[in-house]
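What follows is each chain in one-letter form.
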Amino acid sequence: MRLSGKNMKTILIIVQKEFKQIFRNKAMLPIIFIVPIIQILILSYAATFEVKEVRLGYIDNDKSSYSRDLISKFEVSTYFTLTGEYTSQKEGQDAIQKGKTDVILEIPSNFERNLIKEKQTALSVQIDAINGAAAGVENGYITQIIQGFNNKIRMDLMPYQPQQQNVKRIQFTPSFWYNQTLDYKTFMVPGIIVILVTMITFFLSGMNIVREKEIGTLEQMNVTPIKKHQFIIGKLLPFWILGIFILFFGMNIGRFLFDVPLLGSPVWILLFSSIYILVFLGMGFFISNFTDTQQQAMFIAWFFVVIFILMSGLFTPIESMPAWAQKITEFNPVRYFIEVIRMVMLKGSGLKDIMPQLIKISIFAVVMNFLAVISYRKTT
Amino acid sequence: MNNNKSISVQNLTKKFGNFTAVNAISFEVEKGEIFGFLGANGAGKTTAMKMLIGISKPTSGEAKVAGFDVYKDTEKIKKNIGYMSQKFALYDDLTVRENARFYGGIYGLSKKQIKKKTNEFITELGIADIADNLVGSLPLGWKQKLAFSVSLIHEPKVVFLDEPTGGVDPITRRQFWEMIYKQADNGTTIFVTTHYMDEAEYCDRVSIMVEGKIEALDTPENLRKQYGVDSMNAVFLKLARG
């Protein structure tokens, strides 16, 4: 492959033609400008792990000042709304069954007496765990409130025995680095930008080439003296530029609408994404070599995108996947970009930190484009 | 090889597995000749043509197009031929001029050359007023004439036309053939497949393919005499029905 002037000229002619067609396509401009804004706005607010307004019912078998105190702790918490008091366990379970409440807290009789006399007692909590993730979060909230109550009681019960300090408690104050307020938007926005760049470059490049097959211009192209690499570069370069543009557009939306920090240098994100986009352009091209219609190409691309997104660590941490699934995520380019963009934006990581991901993505890019080039034939 | 031969084919064969699509065909086409390549659907015309334009490798046999070998020199062949398929191959979402600029650019023509050629065919077709319209908005007859003009933009030695007038009205077909004649007069070799037997009469020589073989090859006049009928239509029916 010689990069002579003539060579470049041919590539440029194809690029020009592609851009003309892209901007002449009425569906394209909304895809490029409006889809990113809507996706980032909606997904960033919707894709949160916070569970709010957990409905809590209680059974108070003690009716003491302590039990009322505990219940009031839940009442004042912003995470819970009280659905009411139930008189028996059966009534409480019925309420969960019918979906009237999410959690039942049962305070045993002699709750106060046991606390004062024996310094310990037990509580029963029942959680509707149809949504396992939400149940886990609710359990965390409940534990937190009960622990707070516990500490207060301790102070109440032992104020005048300063010498009796054998009950040493370990106090821990968590401090969340890189995202102090645990703002889910800070966490989600970079990931959603990655999804956006992935989908747009992957789908558009794949469909674009199959479209030429459908309308017959690809055959026409194969009868011209155009070289294989000129055609491929000319076809894919516009979508590469588009991908980079979407990336920066998305990052700016994140910055100005959501105050997502950019602690590291955008140069590293640019470097990583310029190779990353090549992976998906190669994949789109590869798929288009084996499909005859845009529908076929679209279905196959969707299949991969869904797997890539679900196994990217965007919505569910990779660490909590089973070992075999974690192995699979190592072949998921989306995973690496999400890691890198979060590292650079939120943590300020530099080139050295993202090097492992950069090497892996470069290997993907080479393999994918190699496959795409050898599977594209001007002659059958 | 004789320099006057634009295309020479000897025992050219293409097999797909056990099926022989093109069975050892041989013929020669002179420079500036209009060569009609006839046959029923599935007779192997398109397959044979694809081998000649360098997008399908022959199984065996030999062929040269514009002096270049179809095995070794497909890229050189592509520089020297024009091709217009039954599928309309201009871009609907580009204007007439933009299509010309694109295809001219692909063949390595300079901007100046492209402009000159484009203006030439625009004047010839009398379409100055629609030269900046999107091709998609034009009627089919116009599109076919444009596609033909664009396929000539790099002044190819041989032009392959694969059912160029399919679905076009008789007047436009007539005009299209006038364009073909004019091009042949300029020394361009025309290799054309068609289903219209009246068009076969316009060709200098005609070959008729039946089940992968060339069953007849001569001028329309001689073929009519040989089969004792008064039209190419009758010749074709006699041959194609076996």
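These numbers come from a predicted model, not from an experiment.

**Brief notes about the overall build of chain B**
In step 1: Per the secondary structure count, chain B includes nine helices and 10 strands.
In step 2: Taking 2.2 N^0.38 as the reference for a compact globule, 242 residues should give roughly 18 Å; the C-alpha atoms of chain B span a radius of gyration of 18 Å, in line with that estimate.
In step 3: With respect to the principal axes defined by its C-alpha atoms, chain B has extents near 50 × 40 × 35 Å.
In step 4: A fraction of 67% describes how many contacts in chain B between residues 6 or more apart in sequence connect residues 24 or more apart.

**Description of the overall build of chain A**
In step 1: Looking only at helices and strands, chain A features 14 helices and four strands.
In step 2: What you see for chain A is a C-alpha radius of gyration of 29 Å, clearly larger than the 21 Å of a compact globule of 380 residues, by over 25%.
In step 3: With respect to the principal axes defined by its C-alpha atoms, chain A has extents near 95 × 45 × 40 Å.
In step 4: When each of the 380 residues of chain A is scored for burial, the buried share is 34%.
In step 5: Sequence separation of at least 24 residues holds for 79% of the intrachain contacts in chain A that already meet a minimum separation of 6.

**Digging into the confidence of the model for chain A**
In step 1: In this model, chain A carries an average pLDDT of 85, and 91% of its residues clear a pLDDT of 70 or more.
In step 2: Here helix H6 (residues 132–157) of chain A is the element of chain A with the lowest mean pLDDT, 79, and helix H10 (residues 266–290) of chain A is the one with the highest, 95.

**Some points on the nonpolar core**
In step 1: Judged by nonpolar contacts, the single largest core of 126 residues is most densely connected at Ile193, Val279, Phe337 and Ile341 of chain A together with Leu52, Phe160 and Phe191 of chain B.
In step 2: The greatest single-element share of this core, amounting to 16 residues, is contributed by helix H7 (residues 184–215) of chain A.
In step 3: Once you skip the residues sitting within four places of it in the chain, Phe191 of chain B turns out to touch Ile7, Val29, Phe35, Phe37, Val158, Val159 and Phe160 of chain B.
In step 4: In terms of nonpolar packing, the next biggest core, distinct from the first, is built from 13 residues, Phe80, Ile104, Phe111 and Leu115 of chain A among them.

**Looking at the interface of chain A and chain B**
In step 1: Each side of the interface is counted separately: chain A has 20 residues, and chain B has 23 residues.
In step 2: Elements supplying a minimum of two residues to the side of chain A that touches chain B: helix H1 (5–24) and helix H8 (217–222) of chain A.
In step 3: Element by element, the count of residues in the side of chain A that touches chain B is highest for H1 of chain A, at seven residues.
In step 4: Looking at the side of chain A that touches chain B, its residues break down into four nonpolar, 10 polar and six charged.

**Observations concerning the packing of helix H2 (residues 28–46) of chain A against helix H9 (residues 228–258) of chain A**
Residue and element names in this part refer to chain A.
In step 1: Where H2 meets H9, the axes come as close as 10 Å, and the angle between the chain directions of the two elements is 40 degrees. In terms of axis orientation, H2 runs oblique to H9. As for the relative orientation of H2 and H9, their crossing is right-handed in sense. Contact with H2, carried on its side by Ile32, Pro36, Ile37, Ile40 and Ser44, involves Leu242, Ile246, Phe249, Gly250, Ile253, Gly254 and Phe258 of H9 and no other residues of that element.
In step 2: Looking at the contact of H2 with H9, its residues break down into nine nonpolar, three polar and no charged.

**Brief notes about the sheet that holds strand S5 (residues 68–69) of chain B**
Residues and elements named next belong to chain B.
In step 1: The strand order across the open sheet formed by four strands is S2-S1-S4-S5, and the pairing between neighbours is antiparallel. Edge positions in the sheet fall to strand S2 (19–30) and S5, since each has one partner strand and no second.
In step 2: By the bridge criterion, two bridges tie strand S4 (residues 60–65) to S5 in an arrangement that is antiparallel. Looking across to S5, one finds that Lys64 is bridged to Asp69.
In step 3: Relative to strand S1 (residues 5–16), helix H1 (residues 45–52) is tilted by about 120 degrees, and along the sheet it contacts S1, S2 and S4.

**Thoughts on the sheet that holds strand S6 (residues 81–84) of chain B**
All names here are of chain B.
In step 1: In space, the six strands of this open sheet follow the order S6-S7-S8-S3-S9-S10, with mixed pairing throughout. Two strands lie at the open edges of the sheet, namely S6 and strand S10 (213–218), each paired on one side alone. Put simply, the sheet's adjacent strands are angled 15 degrees from each other on average, direction ignored.
In step 2: Running at roughly 110 degrees to S10, helix H8 (residues 220–227) makes contact with strand S9 (205–210) and S10 of the sheet.

**Concerning the domain arrangement of chain A**
In step 1: Once the domains are mapped, chain A shows domain 1 (10–47 + 184–375) and domain 2 (54–157).
In step 2: Using C-alpha coordinates to define each centre, domain 1 of chain A is positioned 48 Å away from domain 2 of chain A.

**What about helix H6 (residues 170–185) of chain B?**
For an α-helix, 3.6 residues make a turn, and residues three or four places apart therefore share a direction.
Residue and element names in this part refer to chain B.
In step 1: For H6, spanning 16 residues, the distance from its first C-alpha to its last is 23 Å, which sits close to the expected 22 Å at 1.5 Å a residue.
In step 2: Along H6, the residues classified as buried are Arg173, Ile180 and Gln183. Each buried residue of H6 sits inside an arc of 80 degrees when the element is viewed along its axis, so together they form one side. What points out from H6, more than 90 degrees from its buried face, is the exposed set Ile171, Glu178, Lys182 and Asp185.
In step 3: Downstream of H6 by a residue or two, Gly187 has a phi angle that is positive, lying close to 100 degrees.

**Quick notes on the environment of Ile190 of chain B**
Residues and elements named next belong to chain B.
In step 1: Assignment of secondary structure puts Ile190 in strand S8 (residues 189–193).
In step 2: The spacing of Ile190 and Gln113 is 77 residues in sequence and 23 Å in space, taken between C-alpha atoms.
In step 3: Excluding residues within four positions of it along the chain, Ile190 makes contact with Ile34, Phe35, Val159, Leu161, Ile180, Gln183 and Ala184.

**So, helix H11 (residues 294–310) of chain A**
Residue and element names in this part refer to chain A.
In step 1: For H11, built from 17 residues, the straight-helix expectation of 24 Å at 1.5 Å per residue is met to within 8% by its first-to-last C-alpha distance of 24 Å.
In step 2: Inspection of H11 places Ala297, Ala301, Phe308 and Ile309 among the buried residues, and these make up the whole buried set. Buried residues in H11, looked at end-on, bunch into an arc of 85 degrees, giving them a common side. Facing away from the buried side of H11 by over 90 degrees, the exposed positions are Gln295, Phe299, Phe303 and Val306.

**A closer look at unusual backbone geometry**
Residue and element names in this part refer to chain A.
In step 1: With phi around 60 degrees, Asp259 is a residue other than glycine that occupies positive phi space.
In step 2: Looking at where Asp259 falls in the secondary structure, it is placed in the loop between H9 and H10.
In step 3: Since 11 C-beta atoms lie within 10 Å of it, Asp259 is described here as exposed.

**Remarks on the pairing of strand S1 (residues 54–60) of chain A**
Residues and elements named next belong to chain A.
In step 1: One ladder, built from five bridges, connects S1 with strand S2 (residues 80–85); its direction is parallel. In the strand pairing of S2, Tyr58 is matched with Glu85.
In step 2: You can see the chain leave S1, run along helix H3 (residues 65–76) and come back into S2, and the turn it takes is right-handed.
In step 3: The sheet contact formed by S1 and strand S3 (residues 103–107) spans five bridges and is parallel. Residue pairing for S3: Leu56 is matched across the bridge by Val103.

**What to know about the confidence of the model for chain B**
In step 1: Averaged over all residues, the pLDDT of chain B equals 91, while 98% of them reach at least 70.
In step 2: Across the whole predicted complex the pTM is 0.79, and at the interface the ipTM reaches 0.86.

Rules behind the numbers
Residues numbered from 1 in each chain as written. Chains lettered and ligands numbered in written order. Predicted model: local features only at pLDDT ≥ 70, side-chain atom pairs only at ≥ 80, totals over all residues. Helix = DSSP H or I, 4+ residues; strand = E, 2+ residues; numbered from the N terminus. Rg over C-alpha atoms; globule rule 2.2 N^0.38 Å. Contact = placed C-beta atoms within 7 Å. Buried ≥ 20, exposed ≤ 12 C-beta atoms within 10 Å, placed from the backbone. pLDDT = per-residue confidence, 0-100. Core = buried A, V, L, I, M, F, W, Y, C linked by C-beta atoms within 7 Å. Nonpolar A, V, L, I, M, F, W, Y, C, P; charged D, E, K, R; others polar. Axes fitted to C-alpha atoms, helices over the stretch in contact; angles between N-to-C directions. Parallel < 35°, antiparallel > 145°, perpendicular 65-115°, else oblique. Left-handed = near helix turned anticlockwise from the far one by under 90°. Pairing = 2+ DSSP bridges. Domains from an automatic or database assignment. Expected span 1.5 Å × (residues − 1). Arc of directions from axis to C-beta. Right-handed = clockwise from strand over helix to strand, strands pointing away.

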